[in-house]
Amino acid sequence: MSTSGARSGKAPVLRSHPLRTKLILATLALLTAICAAIGVFSHLVMSQYLTSVLDDGLERSAGRAGFRPGLPLGDAQLPEDPGTEAPAPDGAGTATEEPFPDGAGPMRPGALNALFVDGEPRRPTLVLEDGVAELLKEEDLDKLAAVNPDEGPEDLALSAGDYRVDAFSAPSGSPMGNAVLVTGFSTAQRDSTLASLNITMVVLSLAGLLVTGVAGTVIIRRSLRPLDQLAAVATSVSKLPLASGEVEIPVRVPPSAAGPGSEVGTVGLALNGMIDHVTQALRARQASEMKVRQFVADASHELRTPLTSIRGYTELVLLGEEVSASGRSALERVDSESKRMSVLVENLLLLARLDEGQRGERSDVDLTELVVEATSDAQVSAPEDQWTLQLPDEPVIVDAVESELRQVLINLLSNAHKHTPPGTRVEIVLQADAGKATVTVTDNGQGIDPEFMDSLFSRFSKADSARTGTGGSGSSGLGLAIVQALVAANGGTINVESRPGHTQFTVVFPLPGSGGSSA
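These numbers come from a predicted model, not from an experiment.

Visitor: Before we go on, may I ask you to explain empty space enclosed by the protein in this structure?
Guide: Empty space among the atoms becomes visible once a probe the size of a water molecule is rolled across them. Applying the stated criterion across every chain yields a total of 1 cavity of 30 Å³ or more. In this model, the largest cavity occupies a volume close to 40 Å³. Lining of the largest cavity is provided by Leu367, Leu405, Val408, Leu409, Leu412, Val439, Val507 and Phe509. Elements supplying a minimum of two residues to the lining of the largest cavity: α8 (402-418) and β13 (502-510). Across the lining of the largest cavity, the residue classes break down as 8 nonpolar, no polar and no charged.

Shown next, in the form of structure tokens:
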């Protein structure tokens, strides 16, 4: 996997965290960095200070023995017998004994002194923390002999522990000759102080992070609570049925989250303004739709009588008058078109009544009987097609308006006949299962154009080139729109899937007592 792919895979995970989580994590990360910086700085400063105290003590100790740089020779208290051997280990003295007998001064616990004359150790004494003095070991003397007087103090790990040591050369003209004094102090107290400081800083930092995390969580949650209200309002609006019908958006951002004094309040005001604007636009759309529907309903009512008159007079002339062949052809054309116009007007009136909620009485309808009758009628009207029917063993009863279900079946079977070539196999299947009654109408025609699928159930929707057959002659583009409206009015759903050689309409109605929705 490439680096760019890995980064793109991690980005959605980072963006998926809530804002409050990001703020708390950012605050804790910043505080952690500050505490770490303070801890490191404190440790370095304290270490430097304690080390300088040790270094000053080393210089003072060497000065008392006459090895301090720049000390006048007359002020030095040097040992008189540089060749005197140090006492044996079993005769080691206490911290009050002088390693340099002529007044170099007592040694404190944790100190060491080693005098090297021409590289040979003299009086290599170590005072332990409990005040007992002992001789330095050979491996320790080797390390001390390697200390360079010109390089200054350094930390040295000896068998008795860690020590801060420094080497001092004897002043010029001293009777000691080429002598080097190595003195040192134990760093145990310094290291213990630094360890205590580190523990204190860690404990205080963890306590501060804990307090900051808890307090920050409470503060951030309270500060972002208006955002939750905004999200709740937006979610409520998104779930409202705004596609059709009388629309009213009753939810608004509460005044506590819609004030101009904060960024969130400004967003709340803007969201309320947007909801008001959308509500006004939906009301205007609804008013326009109602005007159009009322116009269609009124026009359809007005057209029914003239169309009936035209058909009646046309039939009267064709039956009772002698007319020429061309005249008869023209009159038959008028009769055919008036019939098609009458069907269109009836469909428009049906849709107008559905929009206004004018429907028949609901009752228990034997869906099995309706399917059988609709299939029989289709076989008679289109004998060139192959019609097959599959029914369950028991009658299927649904709660609906019988005339509306009959119209649904007639339109679906008519659609399968009109928009497929002769000889098409049409299969009608009725089944009841899981509290639902399902009717499927399947044909093996050339299918529906995928670009037409989204508008298939729209009013006056035609796609004559999408399917073979009659080319859509005589189609008003209202058949499937009526089917969808009637199915929805009776609490059902309709779906379609299509590919070349297979088109299937599936209508589902809830069975009584199944808990399904009903109109």
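Visitor: Mind showing me how you'd approach the nonpolar core here?
Guide: Proteins that are soluble and globular tend to have nonpolar side chains buried together. Leu367, Val398, Leu405, Leu412, Ile494 and Phe505 are the most contacted members of the largest nonpolar core, which totals 42 residues. At the level of elements, α6 (325-355), α7 (367-381), β9 (397-400), α8, β10 (425-433), β11 (436-443), α9 (479-489) and β13 are the ones that each hand at least two residues to this core. Per element, the largest residue contribution to this core is 6 residues, and it comes from α8. Ignoring sequence-local partners within four residues, the contact set of Leu405 consists of Val365, Leu367, Leu370, Val398, Ala400, Asn490 and Phe509.

Visitor: Is there a simple way to explain the packing of helix α2 (residues 19-64) against helix α4 (residues 188-238) in this structure?
Guide: When two helices pack together, you describe them by how their axes are tilted relative to each other and by the distance separating the axes. In the contact formed by α2 and α4, the axes pass within 9 Å of each other and the chain directions differ by 160°. Between α2 and α4, the angle is such that the two are roughly antiparallel. Here the hand of the crossing between α2 and α4 comes out right-handed. Class assignment of the residues belonging to the contact of α2 with α4 gives a composition of 17 nonpolar, 14 polar and 4 charged.

Visitor: Help me understand the pairing of β10 in this model?
Guide: Regular strands place side chains that alternate from one sheet face to the opposite one. As paired elements, strand β8 (residues 386-390) and β10 share 5 bridges and run parallel to each other. In the strand pairing of β10, Leu389 is matched with Ile428. Two strands pair when backbone bridges link them, and β10 and β11 are joined in this way by 8 bridges, in the antiparallel orientation. Among the inter-strand pairings, Ile428 is bridged to a residue of β11, identified as Val441. Here β10 hands over to β11 after 2 residues, with Ala434 in that stretch at a positive phi of 55°.

Visitor: Whenever I open this one, the packing of α7 against α8 confuses me. Can you help?
Guide: Between α7 and α8, the least distance of the axes is 10 Å, while the angle of their chain directions is 40°. In terms of orientation, α7 and α8 fall into the oblique class. In this structure, α7 crosses over α8, and the sense of that crossing is right-handed. Mapping the contact onto sequence places Leu367, Leu370, Val371, Glu373, Ala374, Thr375 and Ala378 in α7 and Glu402, Leu405, Arg406, Leu409 and Leu413 in α8. Residues of the contact of α7 with α8, tallied by class, amount to 8 nonpolar, 1 polar and 3 charged.

Calculation criteria
- Residues numbered from 1 in each chain as written.
- Predicted model: local features only at pLDDT ≥ 70, side-chain atom pairs only at ≥ 80, totals over all residues.
- Heavy atoms only, no water.
- 1 Å grid on protein atoms, 1.4 Å probe; cavity = no way out; pocket = protein on both sides within 12 Å on 5 of 7 lines; lining within 4 Å.
- Points joined across faces, edges and corners; volume = space filled by probe spheres on them.
- Helix = DSSP H or I, 4+ residues; strand = E, 2+ residues; numbered from the N terminus.
- Nonpolar A, V, L, I, M, F, W, Y, C, P; charged D, E, K, R; others polar.
- Core = buried A, V, L, I, M, F, W, Y, C linked by side-chain atoms within 4.5 Å.
- Buried < 20%, exposed > 50% of the residue type's maximum accessible area, 1.4 Å probe, protein only.
- Contact = heavy atoms within 4.5 Å.
- Axes fitted to C-alpha atoms, helices over the stretch in contact; angles between N-to-C directions.
- Parallel < 35°, antiparallel > 145°, perpendicular 65-115°, else oblique.
- Left-handed = near helix turned anticlockwise from the far one by under 90°.
- Pairing = 2+ DSSP bridges.

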